[in-house]
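Residue strings, one per chain:
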Amino acid sequence: MTTVRIALANLRVPATPDDSVRLATSAVSEAGRRGARVICFPECFVPGYRWPGTMMEPPDPEFLERARADVADAARVARITVILGTERVTERGLQITARVITPEGTIAGFQDKGQLDPSEEATYPAFGTERRVFTAGPLTFGIVICHEGWRYPETVRWAVRQGAQVVFHPHAHVPEPGSYRPITFADPANTFHEKAMLCRAAENTCYFASVNCASEGSGTTSAIARPDGTLQCYQPYGQEGLLVDDLDLSTATRLLAMRCRTSAM
């Protein structure tokens, strides 16, 4: 049996861009101390998600480069792979992305968000057009970002068919005024989102690791779903911290994803 320990950075919403870097580097160090091979952060954790109706500093490529260097240094010291939810400034406009940093502190690549929620398109007009998978020791993983994992299950299946035993799902979800505030994971009164986490795992026979920020009353929390579609663990709602657990890779057979007939019937 091959096991891999992962960490989901269920941290509070950063107060400022500089705060996001401090929180990220501290979490990377802690995850390394706890023996995790990979740590994944929420969507756009650095410099912070640009929530509709809120004001943030304009995109700053120089800040993003300094932040990258700081997180890469922390990854190198901790000897851990980092999946950093962040943004990129491109010729087509601002883009949501996940930057993958190796235990050596180098950049393995990006997974850009290809399917945006309609509410995001004015703020993040650029979108990704390619998908890829990454490796960390014996682990092969893919990344789908927020809306992609909820509404476009094809993105998860693609990664699993390319060899991913786990698909990481950085997302951003804070409570809306007057919204229902869950207490128990995937309660029938909750939104569909947490049920979708279980479905993405079961329909592909893979692990699905979804990570959100900790905010009081959020409709979702961070969780890991097993390849049989059952819940392995979840972070208590609103409780800041790392969700750390071991994945048994022998159970991530990818069977159902590989049995999918992709040609016309």
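Residues numbered from 1 in each chain as written. Predicted model: local features only at pLDDT ≥ 70, side-chain atom pairs only at ≥ 80, totals over all residues. Heavy atoms only, no water.

Undergrad: Before we move on, can you summarise the overall build of the chain with the specific residues and values?
TA: What the chain contains, in helices and strands, is six helices and twelve strands. In terms of its C-alpha atoms, the chain occupies a principal-axis envelope of roughly 50 × 45 × 40 Å. Counting all 265 residues of the chain, 54% fall into the buried class. Considering only contacts in the chain between residues 6 or more positions apart, those separated by 24 or more positions represent 68%. For the chain, the exposed surface amounts to about 11700 Å²; the carbon and sulfur share of it is 50%. Positive and negative side-chain charges of the chain, numbering 27 and 30 respectively, have mean locations separated by a distance of 6 Å. (Helix = DSSP H or I, 4+ residues; strand = E, 2+ residues; numbered from the N terminus. Buried < 20%, exposed > 50% of the residue type's maximum accessible area, 1.4 Å probe, protein only. Contact = heavy atoms within 4.5 Å. Areas by Shrake-Rupley, 256 points an atom, 1.4 Å probe, with all protein chains shown as cover. Lys, Arg positive; Asp, Glu negative; His and termini not counted. Charge placed at Lys NZ, Arg CZ, Asp CG, Glu CD.)

Undergrad: Summarise the state of the cysteines; cite the residues concerned and give the values.
TA: Within the structure shown, the criterion is met by zero disulfides. In this structure Cys 44 is not part of a disulfide, and its nearest cysteine sulfur, from Cys 146, lies 9.3 Å away. A disulfide-free cysteine, Cys 213 has its sulfur positioned 10 Å from the sulfur of Cys 44, the nearest such atom. (Disulfide = S-S within 2.5 Å.)

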